[in-house]
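# Geometric and topological summary
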Amino acid sequence: MPGLDAIDAALLKELKENARENIASLSKKLGIPRTTVHYRIKKLVEEGIIEKFTVKPNYKKLDLGTTAFILARYEPDSGMSQKEVARRVASLDGVYEVHIISGEWDILIKVRAPNAEEVGRIVVDKLREIKGIGQTVTMVSFVTVKEEL
């Protein structure tokens, strides 16, 4: 990884797999002293390389097993900036990611819901009601092969 030495890269890889792993276990896996592991983690946090420690929920068990991606067009004559429109989209329940993108579409949105019908409600009843959102196209994911936090 650019900007990281081999120890930091290995430590970051292990923490991505399991952020709850204790320092003694990481020390053993990486073959370095516990104090070094502690210092390196602290340094990665202070330098902003690690922004936060989090959990990866099982969305199926939370009844949010349907993932969809929505492409949206921004309407510049709405009187709102594209970033403000994106922030409003991001505040909607069920929206997990919002990206301003290049190309034919302007905004990429990731949503989670119990089923495709609820995805449709998010799009029709919430998303399309936001001033500055134009045309949309929705793609429901059949299977997630890889997803990282």
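Let me sum up the structure you'll find in this document.

Conventions used here
Residues numbered from 1 in each chain as written. Predicted model: local features only at pLDDT ≥ 70, side-chain atom pairs only at ≥ 80, totals over all residues. Heavy atoms only, no water. Salt bridge = Lys/Arg side-chain N within 4 Å of Asp/Glu carboxyl O. Helix = DSSP H or I, 4+ residues; strand = E, 2+ residues; numbered from the N terminus. Buried < 20%, exposed > 50% of the residue type's maximum accessible area, 1.4 Å probe, protein only. Arc of directions from axis to C-beta. Contact = heavy atoms within 4.5 Å. Phe/Tyr/Trp six-rings, centres within 6.5 Å; stacked < 30°, edge-to-face > 60°. Lys NZ or Arg CZ within 6 Å of the ring centre and 35° of its normal.

Moving on, we get to the pattern of salt bridges. Throughout the structure, instances matching the rule amount to 16 salt bridges. Here Glu-148 and Lys-16 are joined by a salt bridge, their closest N and O atoms 2.9 Å apart. Within this pair, whereas Glu-148 is found in the segment after β4 (133–140), its partner Lys-16 is found in helix α1 (residues 6–17), the two being separated by 132 residues in sequence. Residue Arg-121 is joined to Glu-117 by a salt bridge in which the shortest nitrogen-to-oxygen separation is 3.2 Å. Of this pair, Arg-121 and Glu-117 both sit in helix α5 (residues 116–126), four residues apart, which is roughly one turn of that helix. Since its relative accessible area comes to 53%, Glu-117 is described here as exposed.

Here we come to helix α4 (residues 82–90). Within the span of α4, buried status applies to Val-85, Ala-86 and Val-89. Projected down its long axis, α4 carries its buried residues within an arc of 100°, all on one side. Away from the buried face of α4 by more than 90 degrees, exposed residues Lys-83 and Arg-87 are located. Buried residues along α4 sit in contact with β1 (66–74), β2 (95–100), β3 (107–113) and β4.

Next up on the list: the packing of aromatic side chains. Each aromatic ring pair is specified by the distance between its two centres and by the angle formed by the two planes. The full count for this structure, using the stated rule, is one aromatic pair. Between Tyr-59 and Tyr-96, the ring centres sit 5.5 Å apart and the planes meet at 80°, which makes this aromatic pair edge-to-face. Taken together, the positions of Tyr-59 in the loop between α3 (34–46) and β1 and Tyr-96 in strand β2 put the pair 37 residues apart, joining distant regions of the chain. The residue whose ring lies beneath Arg-73 is Trp-105, and the NZ or CZ to ring-centre distance is 4.0 Å. The ring of Tyr-96 is capped by Arg-112, whose NZ or CZ atom sits 5.4 Å from the centre of that ring.

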